[in-house]
Amino acid sequence: MMKKKSVSARKASLVLFLCQMISALDVPLDLSQPPTITQQSPKDYIVDPRENIVIQCEAKGKPPPSFSWTRNGTHFDIDKDAQVTMKPNSGTLVVNIMNGGKAEAYEGVYQCTARNERGAAVSNNIVIRPSRSPLWTKEKLEPNHVREGDSLVLHCRPPVGLPPPIIFWMDNAFQRLPQSERVSQGLNGDLYFSNVQPEDTREDYICYARFNHTQTIQQKQPISVKVFSMDSLNDTIAANLSDTDIFGAKPVTERQPVLLTPTGSTSTKVELRGNVLLLECIAAGLPTPVIRWIKEGGELPANRTFFENFKKTLKIIDVSEADSGNYKCIARNRLGSAHHVISVTVKAAPYWITAPRNLVLSPGEDGTLICRANGNPKPNISWLANGVPIAIAPEDPSRKVDGDTIIFSHVQERSSAVYQCNASNEYGYLLANAFVNVLAEPPRILTPANKLYQVIADSPALLDCAYFGSPKPEIEWFKGVKGSILRGNEYVFHDNGTLEIPVAQKDSTGTYTCVARNELGKIQNEVHLEVKDPTMIIKQPEYKVIQRYGQASFECVIKHDSTLLPTIIWLKDNAELPDDERFLVGKDNLTIMNVTDKDDGTYTCIVNTTLDSVSASAVLTVVARPNPPFDLELTGQLERSVELSWIPGDENNSPITNFVIEYEDGLHEPGVWHYQTEVPGTQTTVQLKLSPYVNYSFRVIAVNEIGRSPPSEPSEQYLTKSANPDENPSNVQGIGSEPDNLVITWESLKGFQSNGPGLQYKVSWRQKDVDDEWTSVIVANVSKYIVSGTPTFVPYEIKVQALNDLGYAPEPSEVIGHSGEDLPMVAPGNVQVHVINSTLAKVHWDTVPLKTVRGHLQGYKVYYWKVQSLSRRSRRHVEKKILTFRGNKTFGMLPGLEPYSSYKLNVRVVNGKGEGPASPDKVFKTPEGVPSSPSFLRITNPTLDSLTLEWGSPTHPNGVLTSYILKFQPINNTHELGPLVEIRIPANESSLILKNLNYSTRYKFYFNAQTSVGSGSQITEEAITIMDEVQPLYPRIRNVTTAAAETYANISWEYEGPDHANFYVEYGVAGSKEDWKKEIVNGSRSFFVLKGLTPGTAYKVRVGAEGLSGFRSSEDVFETGPAMASRQVDIATQGWFIGLMCAVALLILILLIVCFIRRNKGGKYPVKEKEDAHADPEIQPMKEDDGTFGEYSDAEDHKPLKKGSRTPSDRTVKKEDSDDSLVDYGEGVNGQFNEDGSFIGQYSGKKEKEPAEGNESSEAPSPVNAMNSFV
């Protein structure tokens, strides 16, 4: 909200000018003029008798007037009274009371006369009276003995003072006595009791009278009031009467209203116009009456009517004759009513209709003095000339008196005089001085020359041209140096010479000329007007809701005229900001840090300039979590319920949405509070359900949008009686932990659920579907019981019942549990595999009999692994993959297979204990697929018309390659493609020279491999034939090749460029972010041997030349071979080796005999141990250094690489290599198949061993293998 205070300022200025317009012209003080009274004391002047009396009388005139006084109608000779002095150049009298004078001696009616050669002016009659504050007359006050319910009036009767004192009632401790509808003070100062109550008994009802003029307070003697209640009065009567007396005091009886003041049914009241009308009605009655006011035949005046003293006083301000009439007060209670009619007559002391105004006339002119006044009754009008009744004043032929008007015609200089008009009736008088001054003067302009006026655009501009002349001059206004006279509706010309521009605009700026002329002369004056842009608040402060201790910021961005200097003031609730360092006032903002509740309020930004003022306000509301509730009370205590009530704390400007009730069980969990319930924020009581045998305490938390209040103080404690348990344990389960037991578990009852002391549990069980009796046992307050000696995985009926010292809980419900599980006994049979495509197969099996599962059937697991790639005829150690199919499934899908590969799989049944034996391995093969993209495509040796292409075979051929397909097309300068040429290349080729090409032309190449299934994904490259046969200007290193072994690699390259280049080799682990390692090549050789490499690791390598602007080759990637077995020379002929092998053979023979004996005895051992015992001895563990988990390699993978060969770092099957990927069947490594064959199985990261093929194994031979070879 924004306000413009400049509007009020402009209105005030306009009113001032209008007042000047209607007043007579002021005569400059350097010209002759009769006296004018400028200051005088009030008509009724009450003075402090302890201080000097100052009677004011000031006047102006030319020549300066002399002063004289009358007292009580006769001349007051001040020279004869030493206590009275007159101030120099003034008519003000000072009566010296402080030096021995007495104020009472100077009581009377005083009048001042100011006189010079042009006339005499007189003041009002000033009545001087000293104020009085007399003491209270002594009187003997009897105690007031009143019966309960009766009315009572305590009279004050203060001494008569001047002015009348202010009355109030207090006690001995100087505390005001409380007042109400029942007890109140009347306008006369008396204290009225509509009905007394026992609490009104006291001995210190004291009436005080305060005399403000003398600053004194007078005190009446204390009044004693004794109220007798009916009960005590009956006791007193009974004690003083015989047993035969059967009567006593009547009980307090209700009474209908009776008016204590005013008395009777009617009264009258006279009030003067303009005063405050006070009407009063005070009534007695029981119950206490209520007062209502009406005006008969009319309405109470709006905006001027007020009710005071609990509506017992009707107050009407600024009364007029229209307020005369009958006013009725009505006192009412439930027994009846009483009323009183006050007839009000409004009289009026004289008041002006037209007061006479000074006349300035030139010789020979005419004029009038008008004196019109009204009043009730109508006032008499009388005239005086120079203080003398006009009837006996010297004759003046130019004047004629006509009632309230004096007419002047053809005046001369001797006609100058001061005339007094007196209007009077019985309620007062009015006296006004008005002079007639006859002068002949040429025009004067009293406004200073070149005065600058500044106003805001779109507001009025008032240009002053105060003037004087006799005869009265005519005024004209011009704009600019040679402007024409101003006329029209856009200007307003006032009689006092002021030019008003109602709506000033920027183009109103300029110089204005005022010209005044009469028959005696002419004069002009220039003033200047500047119109400024208004000040505006373009970004006002906005309403803020801030949490306590937060930060509030109000903006006040302004726009103003560049020539005005604004000041910004911030107010809080229309007062200055608190003197607090938390309030930070910036250039255009106010920031309040760490706001608190006392910062609530309205913040106003006021922008002031010398010409206007604007303001904008916003409200800051500080919110916080509620204060905690208090005064918690428990009522209506029953065995199973209680009512809780509370009083909400302060909601801190954010309404309370709900109350949370918590309880503490002091018997079972002291100090721990639990949630009980919650109710809406409008509710402050709640009926709470209780449990037996709990020592309850409650607390309440209030919640609003800001958060939760701190908890209330706890309520009183309430201990409920004990009872049988109401409920039994929950979540009862029976699950065996071993094949021969049953573990029964349950969730124990909480302390308050026990309902009494001695909580225990009765645990019962029996085998299901067998005609057995229940077996029961009672256990302490625990949550588990183990039944031993049970058959493996049979169902049991189970129930758990709570009991305490008072009895059992209701009969519990039964649950079904099972004794412990054991591993499944048989493997699934009739395993069949149906290959769907090169990457997907479907496996079928027969379910196993449920009895052989010996537990909860969870599903089937399919183990499958790749044996070899059919295209490379190699074996590698691989990890087995596992898919789990939940439930009693009989088929599943195997996704993510590699094309043209041999696989094995087996199936196992799974229960809660583990996996059963595996089915016999099933072998299946996947058909050919499309190959991956060629491992690289390199274009070299550009000439004018030829390019050399080199490529690498696909990382994953996925079958037998039949050919390569090369497509290429030229690209022009606008990147448009030319005709496409296709070439089929035999599969055994690895390079091609393209001839007959266009010189200096860019070509785009598309290259892919094919199997019998189809084409694989393509690789693209671009190259440009050269413009001529000029040799390359810059050196280059190309054809970097590597030949890697286990721990070293041969690096070779081709170099073209200046002689005597110094080469270096940089290398690092492929895919690593580590810095490159650098090796310097001695001399200018084009090969180097990297040593100390890690077996089975992929490396990146590049070659550079020193001093050739950092020229380097492109990166190449190679992989070291896996760790090989140590070479053994003639090991079979070594004696130590022969002895060792004999010892190993003997030890193995002994172990086999022991295992054979144990097996014949029927010993038990886990299925996995069986599998491990029958594992193929040729299966070798994969070394941890091998980073090729889950990859399948050709037979050549572990042989040293030939010079020039390259091993690609990416051996994985790309998505484009196969349309069937694992992503299409599930997320990550977890998945399953539904009954329709969709994938829901899961992969396992478990590694399995795979038989090695001959001497191609990369692992060192085990002692067993060595022995077999030896044997």
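Quick notes on the rules
- Residues numbered from 1 in each chain as written.
- Predicted model: local features only at pLDDT ≥ 70, side-chain atom pairs only at ≥ 80, totals over all residues.
- Heavy atoms only, no water.
- Salt bridge = Lys/Arg side-chain N within 4 Å of Asp/Glu carboxyl O.
- Buried < 20%, exposed > 50% of the residue type's maximum accessible area, 1.4 Å probe, protein only.
- Helix = DSSP H or I, 4+ residues; strand = E, 2+ residues; numbered from the N terminus.
- Pairing = 2+ DSSP bridges.
- Axes fitted to C-alpha atoms, helices over the stretch in contact; angles between N-to-C directions.
- Core = buried A, V, L, I, M, F, W, Y, C linked by side-chain atoms within 4.5 Å.
- Contact = heavy atoms within 4.5 Å.
- pLDDT = per-residue confidence, 0-100.

1. A look at the pattern of salt bridges
Scanning all chains against the criterion turns up 37 salt bridges. A salt bridge links Asp-580 to Arg-582, with the nearest nitrogen and oxygen atoms 3.0 Å apart. Residue classification places Arg-582 among the buried positions, given a relative accessible area of 13%. Note that Arg-938 and Glu-950 form a salt bridge whose closest N and O atoms lie 3.8 Å from each other. Within this pair, whereas Arg-938 is found in strand β81 (residues 934–940), its partner Glu-950 is found in strand β82 (residues 947–954), the two being separated by 12 residues in sequence. Judged by relative accessible area, Arg-938 falls into the partly exposed class, the value being 26%.

2. Points about the sheet that holds strand β26 (residues 305–308)
Here we have three strands laid out as an open sheet, ordered β23-β27-β26, and antiparallel in their pairing. This sheet does not close on itself; its edge strands, each paired only once, are β23 (277–280) and β26. Here the average twist between neighbouring strands, direction ignored, is 20°. Sheet analysis places β26 next to strand β27 (residues 313–316), joined by four bridges and oriented antiparallel. Across the sheet, Phe-307 pairs through a bridge with Leu-314, a residue of β27.

3. Concerning the nonpolar core
Counting residues in each nonpolar core, the largest one holds 28 residues, and the members touching the most others are Ile-53, Ile-55, Trp-69 and Ile-128. Every element with two or more residues in this core is listed here: β3 (44–47), β4 (53–55), β6 (66–71), β9 (93–95), β10 (108–116) and β12 (126–130). Non-local contacts of Trp-69, meaning those with residues more than four positions away in its chain, are made with Ile-55, Gln-56, Cys-57, Thr-74, His-75, Phe-76, Met-86, Gly-91, Leu-93, Tyr-110, Gln-111 and Cys-112. By size, the runner-up hydrophobic cluster in this structure holds 20 residues, among which are Leu-632, Val-686, Leu-688 and Phe-752.

4. Focus on the confidence of the model for the protein chain
Across the protein chain, the average pLDDT comes to 84, with 85% of residues at 70 or higher. Long-range and interchain partners of residues 241–249, a stretch whose pLDDT sits below 50, account for seven contacts in this model, where long-range means more than four residues apart. Long-range and interchain partners of residues 1162–1271, a stretch whose pLDDT sits below 50, account for 216 contacts in this model, where long-range means more than four residues apart.

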